[in-house]
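# Descriptive structure summary
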Protein chains: 2
Amino acid sequence: MSSTRDIDALIQMMAKLPGLGPRSARRAVLHLIRKRDLQLMPLADQLQKVAVTARECLNCGNVGTTDICDICEAEKRANGMLCVVEDVADLWAMERAGVFKGRYHVLGGTLSALDQVGPDQLRIPKLIDRVESEAITEVILALNATVDGQTTAHYIADQLEEHVTLTSLAQGVPIGGELDYLDDGTISAALNARKAL
Amino acid sequence: MSSTRDIDALIQMMAKLPGLGPRSARRAVLHLIRKRDLQLMPLADQLQKVAVTARECLNCGNVGTTDICDICEAEKRANGMLCVVEDVADLWAMERAGVFKGRYHVLGGTLSALDQVGPDQLRIPKLIDRVESEAITEVILALNATVDGQTTAHYIADQLEEHVTLTSLAQGVPIGGELDYLDDGTISAALNARKAL
Ligand SMILES: [Zn+2]
Ligand SMILES: [Zn+2]
């Protein structure tokens, strides 16, 4: 490749992003170089800004720019319902659907014997705390319909079944499907038809 | 979406890159926030660096970090052969194949009546200059096998046919195909079997 070292290094960094490979990274970098003032400079500045300000909510694990996220801060979302998701992307997908009015708890993954992920590697102890401290009456387990997702849902249900009503998303989540791939209508239908465990 | 404004703005910028959409931009941004020190900060720095240093070669249109690119600077590549490509990505694809030892000329697009792109919007006048000033004996028209690519090749051939041997890439370039999508072996075969126009 005839580009010099700085450009090659940038292409390699971009190629590491999920969804990009070497070819799309090269395209993206050439695109950015052509649009230096309109896109490259603003993107560099914005990344810098986010690097300084982005953090995980200390309460729920959502990503935002404050120690406690907007959803956890909002009094009107303290309605006794807590929606448990694996990942921040899943929380964002639920929010785009715009039908859930309670709060979230982001586990940060699923239990996995293979990858040696136990409850303490996830945000499960904090979940159990929150059920009590936030007077939660219903926990919606909105985990992916994968083996690890369902194993995790069962583990959490075992921990919490004496304290709260447990529900899970119902119809609409396809077998093996992941929340973040679903359209808003499907998420909405699954939430409305949620069933007791 | 519950992320705050800085993060939303970053997602929107990433979603504008070729090959990325809103969903992959969200994934990429969450990934970067999780890997702040290892990926987000270095990427922001590298973009800044490239924004300052990247420029188009004044001679051939390649992208590099000097006014005249490494290939145009290299004496041993002054072998009388000039390979004309539409885009820097095509030049890079040729270089990855590693079989062409001459210099390049990047047009920066193709002629297009529809988009009102004439010879002066491309690097065609400069190409005609270079054929004389660099004592070029063969011009390889390595343009994409699209209608606009071939129209452009014919136009250039008309301008140069009295001065140099004109060739084009031969077998291996599929109908409607674009260079940057081909594997190195195909590019290599097409170059070796190039035919006189
Ligand atoms: Zn929160
Ligand atoms: Zn050059």
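Residues numbered from 1 in each chain as written. Chains lettered and ligands numbered in written order. Predicted model: local features only at pLDDT ≥ 70, side-chain atom pairs only at ≥ 80, totals over all residues. Heavy atoms only, no water.

## Structural notes on the environment of B:Y155
Residues and elements named next belong to chain B. Tracing the backbone shows Y155 in helix α7 (residues 147-160). Along the chain, Y155 and L111 lie 44 residues apart, while their C-alpha atoms are 8.7 Å from each other. With near-sequence residues (within four places) excluded, Y155 lies in contact with L111, P119 and I124. (Helix = DSSP H or I, 4+ residues; strand = E, 2+ residues; numbered from the N terminus. Contact = heavy atoms within 4.5 Å.)

## Notes on the relation of the copies chain B and chain A
Once turned by 180 degrees and shifted 0.0 Å along the axis, chain B lies on chain A with an RMSD of 0.0 Å. Both copies are brought into coincidence by an operation consistent with a two-fold rotation axis. It is B:A44 whose C-alpha, among those of chain B, lies nearest the rotation axis, at 2.4 Å. When the interface residues of chain B are mapped onto chain A, 100% of them again lie at the interface, so the same face is used by both copies. (Least-squares fit on C-alpha atoms with pLDDT ≥ 70 in both.)

## Let's talk about the coordination of the zinc ion (ligand 2)
Residue and element names in this part refer to chain B. Donor atoms from the polypeptide that coordinate the zinc ion (ligand 2) comprise C57 (SG), C60 (SG), C69 (SG) and C72 (SG), at 2.3 to 2.4 Å from the metal. Given four donor atoms and angles of 104 to 115 degrees at the metal, the environment of the zinc ion (ligand 2) is assigned as tetrahedral. Each donor residue of the zinc ion (ligand 2) lies on one chain, and together they are spaced C-x2-C-x8-C-x2-C. One exposure class covers both C57 and C60, and it is buried. (Donors = N, O, S within 2.8 Å, 3.2 Å for Na, K, Ca; no water. Tetrahedral: all angles 85-135°; square planar, octahedral: opposite > 155°, others 65-115°. Buried < 20%, exposed > 50% of the residue type's maximum accessible area, 1.4 Å probe, protein only.)

## Section: the packing of aromatic side chains
All names here are of chain B. For the structure shown, the criterion picks out two aromatic pairs over all chains. Seen from their ring centres, F100 and Y104 are 5.2 Å apart, and the 65 degrees between their planes marks the pair as edge-to-face. Here F100 matches Y104 in class, with each residue buried. (Phe/Tyr/Trp six-rings, centres within 6.5 Å; stacked < 30°, edge-to-face > 60°.)

## Some points on the domain arrangement of chain A
When its domains are assigned, chain A resolves into domain 1 (5-53) and domain 2 (77-167). Each of domain 1 of chain A and domain 2 of chain A has a C-alpha centre, and the two are 34 Å apart. (Domains from an automatic or database assignment.)

## A short note on the side chain of A:D90
Relative to the assigned elements, A:D90 resides in helix α5 (residues 88-97). No salt bridge is formed by the buried A:D90; its nearest oppositely charged neighbour, B:R27, is found at 4.9 Å. Leave out the neighbours within four places in its chain, and A:D90 touches A:V85, A:N144, A:L179 and A:D180. (Lys, Arg positive; Asp, Glu negative; His and termini not counted. Salt bridge = Lys/Arg side-chain N within 4 Å of Asp/Glu carboxyl O.)

## Brief notes about the coordination of the zinc ion (ligand 1)
Residue and element names in this part refer to chain A. Protein-derived ligands of the zinc ion (ligand 1) are C57 (SG), C60 (SG), C69 (SG) and C72 (SG), with the metal-ligand distances lying across 2.3 Å. Metal-centred angles of 105 to 114 degrees between the four donor atoms at the zinc ion (ligand 1) mark the site as tetrahedral. Within one chain, the residues donating to the zinc ion (ligand 1) are spaced in sequence as C-x2-C-x8-C-x2-C.

## Here we look at the packing of helix α2 (residues 22-34) of chain A against helix α3 (residues 36-53) of chain A
Contact pair α2(A) / α3(A): the axes reach a minimum separation of 6 Å and the direction vectors enclose 115 degrees. Residues A:H31, A:L32, A:I33 and A:R34 of α2(A) touch α3(A), and the partners they reach there are A:R36, A:Q39, A:L40 and A:L43. (Axes fitted to C-alpha atoms, helices over the stretch in contact; angles between N-to-C directions.)

## Points about the pattern of salt bridges
All names here are of chain A. According to the stated counting rule, one finds 14 salt bridges over all chains in the structure shown. Put simply, E134 and R103 hold a salt bridge, and the shortest N to O gap is 3.2 Å. Placement of the pair is E134 in the loop between α6 (124-133) and β5 (138-141) and R103 in strand β4 (residues 103-106), with a sequence separation of 31 residues. Here R103 falls in the buried class, since its relative accessible area comes to 9%. A salt bridge links R130 to E134, with the nearest nitrogen and oxygen atoms 2.7 Å apart. The structure contains a network of salt bridges with shared partners spanning R103, R130 and E134.

## Focus on the UniProt feature "zinc finger region: C4-type" (unreviewed entry) in chain A
Within this structure's numbering, the places UniProt gives as "zinc finger region: C4-type" (unreviewed entry) are residues 57-72 of chain A. Between the C-alpha atoms that bound residues 57-72 of chain A there is a distance of 8 Å. The span itself is 19% helix and 12% strand. (UniProt positions renumbered as here; feature names shortened; annotations may be inferred.)

## Some thoughts on the environment of B:A89
Looking at the element boundaries, B:A89 is found in helix α5 (residues 88-97). A relative accessible area of 4% means that B:A89 is categorised as buried. The spacing of B:A89 and B:T137 is 48 residues in sequence and 25 Å in space, taken between C-alpha atoms. Look past the residues within four positions of B:A89 in its chain and what remains in contact with it is A:R27, A:L30 and B:D180.

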